[in-house]
Amino acid sequence: MRRNTSAHAQPRAAIRFGAPGPLSVRCLSVRCLSVGRLYLSRLSLCVLLLGSLTAIDVNAEPPTDRKTPADGEQSDAEVDESQTLFVRRVEPLLREKCLGCHGADEEAIEGGLDLRQQQQVLAGGDSGEPALVPGRPQESPLYLVMTRHSDDWSAMPPKEAEAVTEEQLNWVQRWIATGAAWPEAERQAEIAAAYADRWSAEDGVQVETSGGLDDAWTNRRYQPESLWAYQPVVKPEVASADDAPSAEATSPIDVLIDQAMPAGLLPAGPADRRTLLRRVTFDLTGLPPTPKEIDAFVSDPRSEHAAFADVVDRLLQSPHYGERMAQHWLDVVRYADSSGFANDYHRGGAWRYRDYVVRAFNQDKPFDQFVLEQIAGDEFDPEDPEMIIATGFLRMGPWELTGMEVAKVARQRFLDDVTNSVGETFLAHSLQCARCHDHKFDPIPTRDYYSIQAVFKTTQLAERHAERLPEENVSGFDEQKYLNQRRKDYQQILRQLDEVLLENALQWYSDQGLPDQQWREIVAELKKTKTSGVFNAARNRIKKGLNEDQYPPKLVGFTSEQFGMERVARKGLQALAFEDETYAPYALAVYDGRTPDVKSIYAPFRVPDEPMEQGELEPGQILIGGDPFSAGPQVSPGVLSVLDDVQPQPIPDTIQGRRLAFAKWVADPGNPLTTRTIVNRVWMWNFGTPIAGNPNNFGSTGKRPTHPQLLDWLAATFVEDGWSIKKLQRRIVMSRAYRRSAAHPEPERLKELDPTGTSYAVFQPRRLTAEELRDAALAISGELNPELGGIPCRPEINLEVAMQPRQVMGTFAAAWTPNPLPEDRHRRSLYACRLRGLADPMQKVFNTPSPDFSCERRDASNVTPQVFALLNSRRSHARSLALADRCLSETDGDRQAIKRCFQLALGRSPSDEETRLVLEHWRQSEAALPDQAIDWKTQPTQVRREAVEENTGEKFAFTERLHANVDFVPDLRPSDVDRHTRAFADVCLAILNCNEFIYVY
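Bear in mind that the values here come from a model prediction, so they are computed numbers and not experimental data.

**Student:** What is the right way to look at the overall build of the protein in this model?
**Tutor:** A tally of helices and strands in the protein yields 39 helices and 12 strands. Seen through its principal axes, the protein has C-alpha atoms that stretch 115 × 100 × 60 Å. For the protein, with 1001 residues in total, the buried portion stands at 54%. The contacts of the protein with a sequence gap of at least 6 include a subset with a gap of at least 24, amounting to 72%. Element-wise, carbon and sulfur atoms account for 50% of the exposed surface of the protein, whose accessible area totals about 44700 Å².

Okay, here's the thing in structure tokens:
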């Protein structure tokens, strides 16, 4: 504490004293003995001798519950109150706010004020004044600094953000006013034990963990309701519910929802069959139902429950079910086909993990097994290629190691990333909040963060050999020829530059007046076996034993353009090495071993020959402030200590087996986080809204469950059903809540009684995702290639974006070139190549999440660029033209074509009025169109690049050849159809822009 010596300091507020009275020694002695300790300081003794002195703030109302002791002594009640206030409120507050500077480090106590014991507090610090005057808050600097309004004392704690609250300030004021009791440690323990139950109910409960970085955190209290996620899952008893699969009685889901329904609010009725079929088909496959499927369901004479049950079973067995579920899962795990950061190298084998996820959902792989395989598949069954592929989950975050950064920092970036990713994905906890300090809100100490990280300290990154699986799709591999053509371009550039260097070297020898005979002999010998790289090889051979000024410099005599072209070609070959992995039997994966001594990675990394022997065995340890160069105490591999009672087996310290033991804890049926997390996600994937509002954050800052009993019923039933996602999803979509109409009969009453829209009294409409919009348009136009799996496809994107000069480290990334054949580029959006450094504008504007961060729930913004994307883009016009051509070719007459368009796009026939309006618009458009169509721009076969060369600072330019575009086969073009079809395409475009197509109701 520092006295404020400002020239503008004002006198202290006046203190009003009560009338003095005689000191009763007998009463004093009895009082002191009753609390077990006589603790009079010289100051307090003087006060008592003067009589009963009561300090009163003239600007404050006196406490109404304050008793005035007779004869100048404190009452027993006040003494008890002061002691309990100290134990319950003041001592924890001092530890949290003050001891960091005033007692935690005996060698660095600021201001000479030690707040660990009463005698030091009464003695005061460097100011020479006692920090505490029992009975007199307004004369106690300890209190005044906390008010932050004293003219004599500087505000403490110094940071405004760390100031004590009004409630905490009242605690301190009352404690001092009642005598500032400071019981011995033994007495404090007695008081805490005596009041434990009462204080837990009022102040929250303590949680046993592995312990924080300080006692204040370890002993902190939590409100019981904020700890809901750590409680065991208890399946509630649901009365009067028949949950048999074929029954039409109310399911437990509906019983629990109805029980929580606001009083007086009636749910909406069921949705009509057409609407319901469109809803469930998009939710389970991401595609629209066909007219044939709609007619079959609408005309099914059976009860809706029976007919709908068959529909659901059919959709769950569809191969497109796995694609839809995989899209959700890949949002969470941050799937991308490139590494991000400066180089944004392709991740050639990443697509195999994507397809593994599709297969897992289609096969209804038990979720506990799904968890285990992604965290530790290679440890579970190292001989199974599928298990190696599954560990691609651990590689999903952005990462690279260049020569421009410290390897230890890059290594730590991976460890931090994978620790947090496992927490968010499977446990709904953002563990990174405990990386630099104990978690500010949840019972997650820093020790736990680094114990979990220690699990991955022997996990290393590599592109591992994994044999092709029979079910893997290898179509499209012939497109590797375009990579080979680019490679030949780069190699030709380097050969030409090599010849330039050899000529420049001879000129250098001449300019330096040095003999070149040895150089010529070495070059002649090397040319017998090498066609490129001769200059560097000759330079490396001749420099042995010579000074640097006796042999040609690196890149001798290069012009700015030659410097630039050398870098473009060299870096281009590096990038191609990663792209080639797309077609090789390798998987983006991990392995167990010591951390290899690698300074940079410019090519796919393989498992070393002796992974258990070579490299560093990194210890598990706390990093102070998260700094990899500030090692703290060592820790062993572990789990969240708040849930270590469900740990089936300890995690070993051995190099191998750590991840498998940890995965078994994550996937243990008794782990309440894992089961609640996944059923909450699946619920959201169907209703659009999760039960617990933040699917990646079940901590105290996340939104609590709106229907906690429902969440637990789903979690418990999920485990009973063998961790089956399909059974869980079937239960959800068969519920009456899911089948409700999106229109409520009393919308105003609904708004009044359910303002947050969480009662499930009505189904909440949702806009189709970016992927669904594209896939649905391709499906109804007849262009969609429904083939499952395979290498990433490359759809057409905005040409100006595809051709933009995208800079990566030291050079340009290759331009985006779409697949030459329509059937290859018109695959589902799930399979589209996702580059972190190049987002598809159409996908981005409709809220496709960035793969750099886990997406717990997609946004659905409404912004102006969406209008341009749907109405004006070439993609939308191409789909409209294809849809118009399909409808006209499959029907006879314009009215039938209109009807077919409505059935394909909207799942219904048009009304007579709609048919009339469409025909009218169609004729007007046809009259306005020219006879000769203007075709869209063709794909360019080359693009000119310009840049500033970093060695010289001068501009240079080069031409990038786009080999795939030479073979490009365009979609249906305006010139391929007549004016009548082009006019109908305008009608189709309008239909593809209506809410009835864009939204699911």
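**Student:** Honestly, a nonpolar patch on the surface in this entry has me stumped. Any pointers?
**Tutor:** There is a patch of nonpolar side chains on the surface, built from Val406, Val409 and Phe629 and spanning about 260 Å² of accessible area. In this structure Val406 comes out as partly exposed when scored by relative accessible area, which is 45%.

**Student:** Whenever I open this one, the domain arrangement of the protein confuses me. Can you help?
**Tutor:** In many analyses, interface size is given as the accessible surface area lost on bringing the parts together. Taken domain by domain, the protein comprises domain 1 (76-200), domain 2 (271-321 + 672-767), domain 3 (366-468 + 585-667), domain 4 (478-566) and domain 5 (770-1000). Computed from C-alpha atoms alone, the centre-to-centre distance between domain 2 and domain 4 is 66 Å.

**Student:** Just to check I follow, could you spell out the pattern of salt bridges for this structure?
**Tutor:** Opposite charge on two side chains lets them pair, provided their charged atoms get close. Here the structure, examined in full by the defined rule, presents 68 salt bridges. A salt bridge links Arg174 to Glu81; its shortest N-O distance comes to 2.7 Å. In this pair, Arg174 sits in helix H6 (residues 166-177) while Glu81 sits in helix H3 (residues 76-97), placing the two residues 93 residues apart along the sequence. For Glu81, a relative accessible area of 23% translates into the label partly exposed. Asp300 is paired through a salt bridge with Arg302; the nearest N and O atoms lie 3.0 Å apart. Overall, Asp300 belongs to the buried group, its relative accessible area being 18%.

**Student:** Where do I start with empty space enclosed by the protein in this structure?
**Tutor:** Where empty space is left can be seen by rolling a probe of water-molecule size over the atoms. For the structure shown, the criterion picks out 11 cavities of 30 Å³ or more. Empty space within the second largest cavity amounts to approximately 240 Å³. Residue contributions to the lining of the second largest cavity peak at 3 residues, all from strand S3 (residues 459-465). Taken together, the residues of the lining of the second largest cavity break down into 9 nonpolar, 4 polar and 5 charged.

**Student:** What am I meant to see in the UniProt feature "domain: DUF1553" (unreviewed entry) in the protein here?
**Tutor:** Under the UniProt annotation, the feature "domain: DUF1553" (unreviewed entry) is placed at residues 658-920. When the span residues 658-920 is considered, its composition is 48% helix and 2% strand, and the gap between its end C-alpha atoms is 70 Å.

**Student:** So what exactly am I meant to see when it comes to unusual backbone geometry here?
**Tutor:** Excluding glycine, most residues fall at negative phi; most peptide bonds, likewise, are trans. With an omega of -10°, the peptide bond between Met156 and Pro157 qualifies as cis. Mapped onto the fold, Pro157 is located in the loop between helix H5 (141-147) and H6. Of note, the phi angle at Leu555 is positive, near 55°, even though the residue is not glycine. Looking at Leu555, the relative accessible area reads 16%, which means it is buried. Backbone geometry at Tyr760 places phi at a positive 65°, although glycine is not the residue there. In this structure, Tyr760 sits in the loop between helix H28 (747-753) and strand S7 (766-767). When its relative accessible area of 7% is taken as the criterion, Tyr760 is described as buried.

**Student:** Got a minute to help me understand the pairing of S3 in this structure?
**Tutor:** One face of the sheet, then the other: side chains in a regular strand alternate in exactly this way. Within S3, 6 of the 7 residues are buried, which leaves it mostly tucked inside the rest of the structure. Relative to strand S4 (residues 586-592), S3 runs antiparallel, the two sharing 7 bridges. Opposite Leu461, over in S4, you have Val590 as the bridge partner.

**Student:** When you look at the confidence of the model for the protein in this model, what are you seeing that I'm missing?
**Tutor:** Caution is warranted with low-pLDDT regions, since their predicted coordinates should not be read in detail. Predicted confidence across the protein gives a mean pLDDT of 90, with 92% of residues reaching 70 or more. The model gives residues 5-72 a pLDDT under 50, and that stretch makes 76 contacts with residues more than four places away or in other chains. In the predicted structure, residues 241-247 sits below a pLDDT of 50 and forms 16 contacts with residues beyond four places in sequence or in another chain.

**Student:** Is there a simple way to explain the packing of aromatic side chains in this structure?
**Tutor:** The relation between two aromatic rings is expressed through the spacing of the ring centres and the mutual angle of the planes. Enumeration according to the criterion identifies 35 aromatic pairs in this entry. Look at Trp922 and Phe984: their rings are 4.3 Å apart centre to centre, the planes differ by 20°, and that puts the pair in the stacked class. Taken together, the residues span a long stretch of sequence, with Trp922 in helix H36 (residues 912-928) and Phe984 in helix H38 (residues 979-992) at a distance of 62 residues. For the pair Trp922 and Phe984, a shared accessibility class is recorded, and that class is buried. Put simply, the rings of Trp329, Tyr353, Tyr356, Phe361, Phe367, Phe370, Phe393, Phe426, Phe718 and Trp723 touch in pairs and so form one group of aromatic residues. A cation over an aromatic ring shows up here: Arg279 above the ring of Tyr738, its NZ or CZ 5.7 Å from the ring centre. A cation over a ring is seen here: Arg606 above Tyr586, with NZ or CZ 3.7 Å from the ring centre.

**Student:** Got a minute to help me understand the nonpolar core in this structure?
**Tutor:** The tendency in soluble globular proteins is for nonpolar side chains to be buried as a group. Core analysis: the biggest nonpolar cluster contains 169 residues, and Trp329 and Phe662 have the highest contact counts within it. Take this core: its biggest share by element is 9 residues, from helix H20 (residues 480-512). If we ignore the near neighbours within four places in the chain, the residues touching Phe662 are Ile375, Val422, Ile452, Val455, Phe456, Gly638, Val639 and Ile651. The next biggest cluster of nonpolar side chains, apart from the first, holds 36 residues, and it includes Ala770, Ala884, Ala897 and Phe997.

**Student:** Hey, could you run me through the UniProt feature "domain: Cytochrome C Planctomycete-type" (unreviewed entry) in the protein in this one?
**Tutor:** The UniProt record marks residues 98-160 with the feature "domain: Cytochrome C Planctomycete-type" (unreviewed entry), using the residue numbering of this structure. For residues 98-160, the helix share is 21%, the strand share is 0%, and the end-to-end C-alpha distance is 14 Å.

**Student:** Looking at this structure, I do not really get the layout of surface pockets. What am I missing?
**Tutor:** Taken as a whole, the second largest pocket holds about 940 Å³ of empty space. Going through the elements one at a time, H20, helix H23 (560-579), strand S9 (811-812), strand S11 (955-961) and helix H37 (963-966) are the ones with two or more residues in the lining of the second largest pocket. Two domains each provide a minimum of three residues to the lining of the second largest pocket, namely domain 4 (478-566) and domain 5 (770-1000).

**Student:** Explain helix H14 (residues 319-333) here, please?
**Tutor:** Since there are 3.6 residues in each turn of an α-helix, residues three or four apart along the chain are aligned in direction. The end-to-end C-alpha distance of H14, which contains 15 residues, comes to 22 Å, matching closely the 21 Å that a straight helix rising 1.5 Å per residue would cover. For H14, the buried fraction is high: 14 of the 15 residues fall into the buried class. The residue sitting at the N-terminus of H14 and contributing the capping side-chain oxygen is Ser318; that oxygen lies 3.0 Å from the backbone nitrogen of His320. Phi turns positive one or two residues past the end of H14, at Arg334, with a value near 75°.

Conventions and cut-offs
- Residues numbered from 1 in each chain as written.
- Predicted model: local features only at pLDDT ≥ 70, side-chain atom pairs only at ≥ 80, totals over all residues.
- Heavy atoms only, no water.
- Helix = DSSP H or I, 4+ residues; strand = E, 2+ residues; numbered from the N terminus.
- Buried < 20%, exposed > 50% of the residue type's maximum accessible area, 1.4 Å probe, protein only.
- Contact = heavy atoms within 4.5 Å.
- Areas by Shrake-Rupley, 256 points an atom, 1.4 Å probe, with all protein chains shown as cover.
- Patch = residues over 30% accessible without salt bridge, like charges linked within 9 Å, V, L, I, M, F, W, Y side chains within 5 Å.
- Salt bridge = Lys/Arg side-chain N within 4 Å of Asp/Glu carboxyl O.
- Domains from an automatic or database assignment.
- 1 Å grid on protein atoms, 1.4 Å probe; cavity = no way out; pocket = protein on both sides within 12 Å on 5 of 7 lines; lining within 4 Å.
- Points joined across faces, edges and corners; volume = space filled by probe spheres on them.
- Nonpolar A, V, L, I, M, F, W, Y, C, P; charged D, E, K, R; others polar.
- UniProt positions renumbered as here; feature names shortened; annotations may be inferred.
- Pairing = 2+ DSSP bridges.
- pLDDT = per-residue confidence, 0-100.
- Phe/Tyr/Trp six-rings, centres within 6.5 Å; stacked < 30°, edge-to-face > 60°.
- Lys NZ or Arg CZ within 6 Å of the ring centre and 35° of its normal.
- Core = buried A, V, L, I, M, F, W, Y, C linked by side-chain atoms within 4.5 Å.
- Expected span 1.5 Å × (residues − 1).
- Polar contact = N/O pair within 3.5 Å; in protein donor to acceptor, adjacent residues only side chain to side chain.

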